[in-house]
Amino acid sequence: MDNQNFQPQMPNQGEFNPAPQGGFNPAPQGGFNPAPAANNKKFITIGAIAIIVIALVFGLISCLSSNSPKGVVKAYIKAMYKPDFKKANSLQLRGGQKYYEYLADENDMDVDEYFETMSDEKASSYSEFCKYMNKERKKDLEEGDDDLGENIKLSKIEIKKDKKLSKKKLKDIKKSFEDNDYIDDDKITDAHEIKVKVTIKGDDDSDSDTDTVTVVKYKGNWKILG
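Conventions used here
- Residues numbered from 1 in each chain as written.
- Predicted model: local features only at pLDDT ≥ 70, side-chain atom pairs only at ≥ 80, totals over all residues.
- Heavy atoms only, no water.
- Phe/Tyr/Trp six-rings, centres within 6.5 Å; stacked < 30°, edge-to-face > 60°.
- Helix = DSSP H or I, 4+ residues; strand = E, 2+ residues; numbered from the N terminus.
- Buried < 20%, exposed > 50% of the residue type's maximum accessible area, 1.4 Å probe, protein only.
- Axes fitted to C-alpha atoms, helices over the stretch in contact; angles between N-to-C directions.
- Parallel < 35°, antiparallel > 145°, perpendicular 65-115°, else oblique.
- Contact = heavy atoms within 4.5 Å.
- Nonpolar A, V, L, I, M, F, W, Y, C, P; charged D, E, K, R; others polar.
- Patch = residues over 30% accessible without salt bridge, like charges linked within 9 Å, V, L, I, M, F, W, Y side chains within 5 Å.
- Areas by Shrake-Rupley, 256 points an atom, 1.4 Å probe, with all protein chains shown as cover.
- Salt bridge = Lys/Arg side-chain N within 4 Å of Asp/Glu carboxyl O.
- Lys, Arg positive; Asp, Glu negative; His and termini not counted.
- Charge placed at Lys NZ, Arg CZ, Asp CG, Glu CD.
- Pairing = 2+ DSSP bridges.
- Polar contact = N/O pair within 3.5 Å; in protein donor to acceptor, adjacent residues only side chain to side chain.

Undergrad: Can you help me understand the packing of aromatic side chains in this one?
TA: Each aromatic ring pair is characterised by the separation of its centres together with the angle its planes make. If you walk through the whole model with that rule in mind, you get 13 aromatic pairs. Ring centres of Phe-85 and Phe-129 lie 5.6 Å apart, and the angle between their planes is 85°; this geometry places the pair in the edge-to-face category. Taken as a pair, Phe-85 in helix H3 (residues 85-90) and Phe-129 in helix H6 (residues 126-143) lie far apart in primary sequence, 44 residues in all. Phe-85 sits in the buried class, given a relative accessible area of 15%. Taking relative accessible area as the criterion, Phe-129 reaches 2% and is therefore assigned buried. Taken together, the ring pairs in this structure connect Phe-85, Tyr-99, Tyr-100, Tyr-102, Tyr-114, Phe-115, Tyr-126, Phe-129, Tyr-132 and Tyr-182 into an aromatic cluster.

Below, the structure is given as structure tokens:
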């Protein structure tokens, strides 16, 4: 169904190398070698297989980790529907406690005053603000909407496409932060577009929405560009 009221909330807008370096060399340097040549080959083959298995395991872990283009998008969406504002906020390029402190300074406000303004005077610190946002988000999910009913929950996340952006598009992204005092545009080293389909369900029905999320690699970590 095409739900016009409640859409899965996603923004509009590092790298891990699991491969071991080299391998185990069983051949002794000089001296007496009691192992037959056939056994040496067997040991080398077993060692090579072990290295491949380790690489595959760590490669899988890397793909599932939030420190990958697909992983950060999945982790962000899961946090939004848990809800866990602090987690979701930490995965955004412009997010986290230090970013809010930066915003407070930009607005010539004390940090506690800034959070009070952002929360209708219900929070005066970042931790209190995160709790406030969780309550507000949970309230929205529980109330749901007329089409899906109450108690909205995340049902499924499907990554449809992972596209590495060109050097030109990466340059354009970096350029957009040239005048930003908080983000060091030189530390943005990579960017991907992730096409993701999110399915949510309530007490009465379910709905799906597909969106494209841009993620960037900043200081070695993948972040939601939003």
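After presenting the structure, the write-up continues.
Undergrad: What is the right way to read the packing of helix H4 (residues 97-106) against helix H5 (residues 111-118) from this model?
TA: If you want to describe how two helices pack, look at the angle between their axes and the distance between the axes. The interhelical angle for the contact between H4 and H5, taken along N-to-C directions, is 95°, at an axis separation of 9 Å. Here H4 lies roughly perpendicular to H5, going by the angle between them. When H4 is examined against H5, the residues Tyr-100, Glu-101, Leu-103 and Ala-104 are found in contact with a partner set consisting of Val-111, Tyr-114, Phe-115 and Met-118. Of the residues that constitute the contact of H4 with H5, the class distribution is seven nonpolar, no polar and one charged.

Undergrad: Which parts of the structure should I look at to understand a negative patch on the surface?
TA: Residues Asp-140, Glu-142, Glu-143, Asp-146, Asp-147, Glu-150, Asp-203, Asp-204 and Asp-205 make up a contiguous surface patch of negative charge. Structurally, Asp-205 is set in the loop between strand E2 (188-201) and strand E3 (206-218).

Undergrad: So what exactly am I meant to see when it comes to the environment of Glu-150 here?
TA: Inspection of the secondary structure puts Glu-150 in the loop between H6 and strand E1 (153-164). For the pair Glu-150 and Asp-140, spaced ten residues apart in sequence, the C-alpha to C-alpha distance is 9.1 Å. In contact with Glu-150, other than residues within four places in its own chain, are Leu-141, Glu-142, Glu-143, Gly-144, Gly-202 and Asp-203.

Undergrad: In this structure, what is going on with the pairing of E3? I would like to understand it.
TA: The side chains of a regular strand alternate, first on one face of the sheet and then on the other. In this sheet, E3 lies alongside E2 in antiparallel orientation, the contact comprising 13 bridges. Paired with Thr-199 across the bridge in E3 is Ser-208. Hairpin connection between E2 and E3: a loop of four residues separates the two successive antiparallel strands. In terms of strand pairing, E3 meets strand E4 (residues 221-224) through four bridges, oriented antiparallel. Each bridged residue has a counterpart across the sheet, and for Val-216 the counterpart in E4 is Lys-223. The hairpin formed by E3 and E4 contains two residues between the paired strands, and Lys-219 there has a positive phi angle of roughly 55°.

Undergrad: Looking at this structure, I do not really get the sheet that holds E1. What am I missing?
TA: Hydrogen bonds between backbone groups are what pair the strands of a sheet, and the pairing can be parallel or antiparallel. As summarised here, the arrangement of the four strands in space is E1-E2-E3-E4, forming an open sheet in which the pairing is antiparallel. Of all the strands in the sheet, the pair left with one neighbour each is E1 and E4. Looking at each pair of strands side by side, their axes are set apart by 30° on average, direction ignored. As defined by bridge partners, E1 adjoins E2 across ten bridges and the pair is classed as antiparallel. Looking at the pairing, Ile-157 lines up with Val-198 of E2. Lying on the sheet, helix H2 (residues 69-81) is in contact with E1, E2, E3 and E4; it crosses E1 at an angle near 155°. Contacts from helix H7 (residues 167-175) reach E1, E2 and E3 within the one sheet, and its direction differs from that of E2 by about 90°.

Undergrad: For this particular structure, what's the right way to read the side chain of Arg-137?
TA: Structurally, Arg-137 is set in helix H6. Buried within the structure, Arg-137 lacks any salt-bridge partner; Asp-140 is the closest side chain of opposite charge, at an N-O distance of 5.6 Å. Within the structure, Arg-137 has its side chain in polar contact with the backbone oxygen of Met-80 (distance 2.8 Å).

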